[in-house]
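# Report on the structure
Here's the letter readout for the chains.
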Amino acid sequence: MAPLRKPFRQDPSATAAFAALRPAAPAPRPGERQRAVVIGGGTGAPMSIRTLLSLGLETSAVVAMADDGGSTGILREEADVTPPGDVRKCIAAFARDPNDPLTRAFKYRFSVARNHTLGNLMLAALEDASGSFPEAVRICERLLDAQGHVYPSTLDRVTLAARTRDGRVLEGQANACRSRTALERVWLEGAGEATPYRPALDAIRGADLVVLGPGSLFTSIIPNLLVPGIVDAVRTSRGHVLFVCSLADMQGETWGLTAREHVEALMDHGMRGLVDYVLVHTPVPLRPESPATDRFNAVTGAPPEHASLAGLSDESLSGRIRPVPITYHDAVAIQQQGPVVIARNLVDPQRPTWHDPRALRDAFSGVLKLCRSRQK
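Presented here is a report on the structure given in the accompanying data block. Bear in mind the structure is a predicted one, so any value in this text is a computation, not a measurement.

What counts and what doesn't
- Residues numbered from 1 in each chain as written.
- Predicted model: local features only at pLDDT ≥ 70, side-chain atom pairs only at ≥ 80, totals over all residues.
- Heavy atoms only, no water.
- Axes fitted to C-alpha atoms, helices over the stretch in contact; angles between N-to-C directions.
- Helix = DSSP H or I, 4+ residues; strand = E, 2+ residues; numbered from the N terminus.
- Parallel < 35°, antiparallel > 145°, perpendicular 65-115°, else oblique.
- Left-handed = near helix turned anticlockwise from the far one by under 90°.
- Contact = heavy atoms within 4.5 Å.
- Nonpolar A, V, L, I, M, F, W, Y, C, P; charged D, E, K, R; others polar.
- Core = buried A, V, L, I, M, F, W, Y, C linked by side-chain atoms within 4.5 Å.
- Buried < 20%, exposed > 50% of the residue type's maximum accessible area, 1.4 Å probe, protein only.
- Pairing = 2+ DSSP bridges.

### A word on the packing of helix H11 (residues 259-271) against helix H14 (residues 328-336)
At a minimum axis distance of 9 Å, the contact between H11 and H14 shows a crossing angle of 20 degrees. By the criterion of interaxial angle, the relationship of H11 to H14 is roughly parallel. Note on packing geometry: the crossing formed by H11 with H14 is left-handed. Between H11 and H14, the residues in contact are Ala259, Arg260 and Val263 and Asp330, Ala333 and Ile334, respectively. Across the contact of H11 with H14, the residue classes tally to 4 nonpolar, no polar and 2 charged.

### Quick look at the nonpolar core
The biggest cluster of nonpolar side chains holds 52 residues, and the ones touching the most others in it are Ile204, Leu212, Phe218, Phe243, Leu266 and Met271. The biggest single contributor to this core is H11, with 6 residues. In terms of nonpolar packing, the next biggest core, distinct from the first, is built from 47 residues, Met47, Leu57, Ala61 and Phe106 among them.

### A closer look at unusual backbone geometry
Residue Pro214 is reached from Gly213 by a cis peptide bond, and omega for that bond is 0 degrees. You can see Pro214 is positioned in the loop between strand S10 (209-212) and helix H9 (217-225). We note that Asp80 has phi near 55 degrees; this positive angle belongs to a residue other than glycine. Along the polypeptide, Asp80 turns up in the loop between helix H2 (70-79) and helix H3 (85-94). Owing to a relative accessible area of 54%, Asp80 belongs among the exposed residues under this scheme. Of note, the phi angle at Asp145 is positive, near 50 degrees, even though the residue is not glycine. The topology assignment puts Asp145 in the loop between helix H6 (133-143) and strand S6 (149-152). When its relative accessible area of 40% is taken as the criterion, Asp145 is described as partly exposed.

### Some remarks on helix H1 (residues 44-54)
With respect to burial, H1 is a largely interior element, 11 of its 11 residues being buried. Looking one or two places after H1, you find Gly56, whose phi comes out positive at around 85 degrees.

### Looking at the sheet that holds strand S2 (residues 35-40)
In spatial order, the strands read S6-S3-S2-S10-S11-S13-S15; together these 7 strands make up an open sheet with parallel pairing. Each edge of the open sheet is held by one strand with a lone partner, namely S6 and strand S15 (340-344). Geometrically, the sheet is characterised by an average inter-axis angle of 20 degrees between neighbouring strands, direction not taken into account. When strand S3 (residues 58-63) meets S6, the two strands line up parallel, connected through 4 bridges. By the bridge assignment for S6, Val63 is matched with Pro152. In the packing of H11 onto the sheet, contacts are made with S10, strand S11 (240-244) and strand S13 (277-281), and the angle to S11 comes to roughly 135 degrees.

Here it is in structure tokens:
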């Protein structure tokens, strides 16, 4: 007789290591607390949320609404609900006590119920019971004693479409992230133009720091920017804009793209002239003669640069890992377009595809100091 599968497990998350972060400094006095907003989704935005909270910033999150995979995809198709998955991850990241039983249960995934998470089911049920997805979010924030607010970028039903660099068109976020070749452009499809959620615009306009990422570039970060009004809110914001580049590709959407190409894709989707800082990982200091990716290649098991990926299926690609490289010359090229490049060793030595919590916090702290010095 085959052993029974555990009926539920806590949804794995890269933010588990970030839950241990404690405030790095005494809480600021009333009126002195800076505001930050994280724009993204998936597993990356929660890392920035926990980091900013540990630095004492008043933090909120604006989350993409194009997710259509896994539990969220089933609920979208069969119950016609607002996509809950990325919102649920951010609410859990805001929870005051990550070890509270309700917070832990909120992240439980049930193998006996089509692999749904309890948080997704709660948000879907509360949306129906209250008649409002924002009200469902507020109720869950209260239940988890959230330290900040999560705002969907739009409440409209939208679908992500993508064009790959070899000319294919893919429908749906789940298909786009598993592309066998890197994406070139993405756009939203739906019944007319998406309407931005006004509280999301207000959060962006009122922020002292706008953080993009880390996370999937084309399927978690950029979909927010495609909602009319979001980029304009960034443009009129009083704050500085930080883009946190991913450490590595684990999906096909940015397969083989350099950090410079990540930045250029962001600019091609509306952010040209709006990014102040780009935070990138490099294991050694960048110099003209040192691309500095070999050590990370060895740790992650990434293929050499000349390895052909053409024969691999989308399913095979989705399980592989490849570092996002940055060279001295690429850093110079990025800075010539306006942003200041901040290169740090950010990798968690135990989990080479995740950011190290303390290294990321130190980098964020440095960015905040740069922001304050520019304002003087």
